[in-house]
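# Residue-level structure breakdown
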Amino acid sequence: VFTSGSTGDPVPHPKTWGKLVANGRAEAGRLGLAQPHAIVGTVPVQHAYGFESTFLQALHGGSSFWAGKPFYPLDIVAALAAVPRPRLLVTTPFHLAALLAAGIDLPPVDRVLSATAPLSAELAGAAERRFGVPVHEIYGSTESGQIASRRTTAGAAWELFPGIRLKQQDGATVASGGHVEGRVPLADVIELLADGRFLLHGRHADL
């Protein structure tokens, strides 16, 4: 898989299929997708987050996903209405904010997942009140894959996926274990907590 190139030229990162299978199963377990869900994603499947949370969930989480590319609020509503429940909305803070601000009727959703940018507690709370379900975030990178999650309204700390380890050395945080391919330095400023969780303070490049 390749990084997006937003901070330089796209960089390739080899992935093995076995690790990708473990990635999809780890996410399904963390989100409690024991029952198959119909997934509507506002992120394209060629994006790492979209690939992991729609395509891999269909293959290894027992779910299906909407094959279209809903972007605008009415597109998202139409896609949700077209699939059976239970429904999982895989989205971003940008799309979620636009969807809530549109002031249109929203079909019932059983789970909401967000990634690609920090989700504010205010926006997460507004989404939970509107949908009546918890909103979760995924943390990861193209290099490492998804490695942690949190319910945004429950606090700032992130909980690692099973088997994932973080170690700090030479001013950087390195992820390994689980479905991570080798040892992967993370581009973010991370504070490790005594209980095994961590806080995210931004990107090294922002300093």
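That block above? That's the structure.
Below is a summary of the structure that appears in this document. (Residues numbered from 1 in each chain as written. Predicted model: local features only at pLDDT ≥ 70, side-chain atom pairs only at ≥ 80, totals over all residues. Heavy atoms only, no water.)

## Focus on the nonpolar core
One finds Tyr139, Ile147, Leu166 and Phe198 to be the most contacted residues of the largest nonpolar core, which totals 26 residues. Counting residues per element, the ones that place at least two in this core are helix 1 (17–31), strand 3 (87–91), strand 5 (135–141), strand 6 (145–151) and strand 10 (184–186). With three residues, helix 1 is the single largest residue contributor to this core. (Core = buried A, V, L, I, M, F, W, Y, C linked by side-chain atoms within 4.5 Å. Buried < 20%, exposed > 50% of the residue type's maximum accessible area, 1.4 Å probe, protein only. Helix = DSSP H or I, 4+ residues; strand = E, 2+ residues; numbered from the N terminus.)

## A short note on the layout of surface pockets
The volume enclosed by the second largest pocket comes to roughly 210 Å³. Around the second largest pocket sit 15 residues that line it, and Val43, Pro44, Val45, Gly68 and Lys69 are the ones nearest its centre. Taken together, the residues of the lining of the second largest pocket break down into eight nonpolar, six polar and one charged. (1 Å grid on protein atoms, 1.4 Å probe; cavity = no way out; pocket = protein on both sides within 12 Å on 5 of 7 lines; lining within 4 Å. Points joined across faces, edges and corners; volume = space filled by probe spheres on them. Nonpolar A, V, L, I, M, F, W, Y, C, P; charged D, E, K, R; others polar.)

## Some thoughts on the environment of Gly196
Among the structural elements, Gly196 can be located in the loop between strand 11 (188–192) and strand 12 (198–203). Given the relative accessible area of 42%, Gly196 is considered partly exposed. For the pair Gly196 and Ala121, spaced 75 residues apart in sequence, the C-alpha separation works out to 22 Å.

## Points about the pattern of salt bridges
All chains considered together, the criterion is met by five salt bridges. The salt bridge partner of Arg197 is Asp195, with a shortest N-O separation of 2.9 Å. (Salt bridge = Lys/Arg side-chain N within 4 Å of Asp/Glu carboxyl O.)

## Focus on the packing of aromatic side chains
Within this structure, the stated rule accounts for six aromatic pairs. For the ring pair Phe71 and Phe94, a centre distance of 6.4 Å and an interplane angle of 45 degrees mean the geometry is tilted. Residue Phe71 is located in the loop between strand 2 (64–65) and helix 3 (73–82), and its partner Phe94 is located in helix 4 (residues 93–101); the two are separated by 23 residues in the primary sequence. Classification of Phe71 as partly exposed rests on a relative accessible area of 39%. Ring geometry for Tyr139 and Phe198: centres 5.6 Å apart, planes at 65 degrees, overall edge-to-face. Here the residue Tyr139 occupies a position in strand 5, and Phe198 occupies one in strand 12, the gap between them amounting to 59 residues. Accessibility classification places Tyr139 together with Phe198 in one group, the buried group. Joined through ring pairs, the aromatic side chains of Phe71, Tyr72 and Phe94 make up one cluster. (Phe/Tyr/Trp six-rings, centres within 6.5 Å; stacked < 30°, edge-to-face > 60°.)

## Quick look at empty space enclosed by the protein
Counting across every chain of the model gives one cavity of 30 Å³ or more. What the largest cavity holds in volume is close to 110 Å³. Lining the largest cavity are 15 residues, with Lys15, Leu20, Asn23, Glu52 and Gly145 positioned closest to its centre. At the level of elements, helix 1 and helix 2 (48–60) are the ones that each hand at least two residues to the lining of the largest cavity.

## Some thoughts on the pairing of strand 1 (residues 38–41)
What you see with strand 1 is no split at all: Ala38 and Val40 on one side and Ile39 and Gly41 on the other are buried throughout. Here strand 1 runs beside strand 2; their pairing, made up of two bridges, is parallel. Across the sheet, residue Ile39 finds its bridge partner in strand 2, namely Phe65. With helix 2 bridging strand 1 and the parallel strand 2, this β-α-β connection has right-handed handedness. Pairing of strand 1 with strand 3 involves four bridges; the strand directions are parallel. Among the inter-strand pairings, Gly41 is bridged to a residue of strand 3, identified as Val90. (Pairing = 2+ DSSP bridges. Right-handed = clockwise from strand over helix to strand, strands pointing away.)

From the geometry alone we can't say anything about function, so treat these as descriptive.
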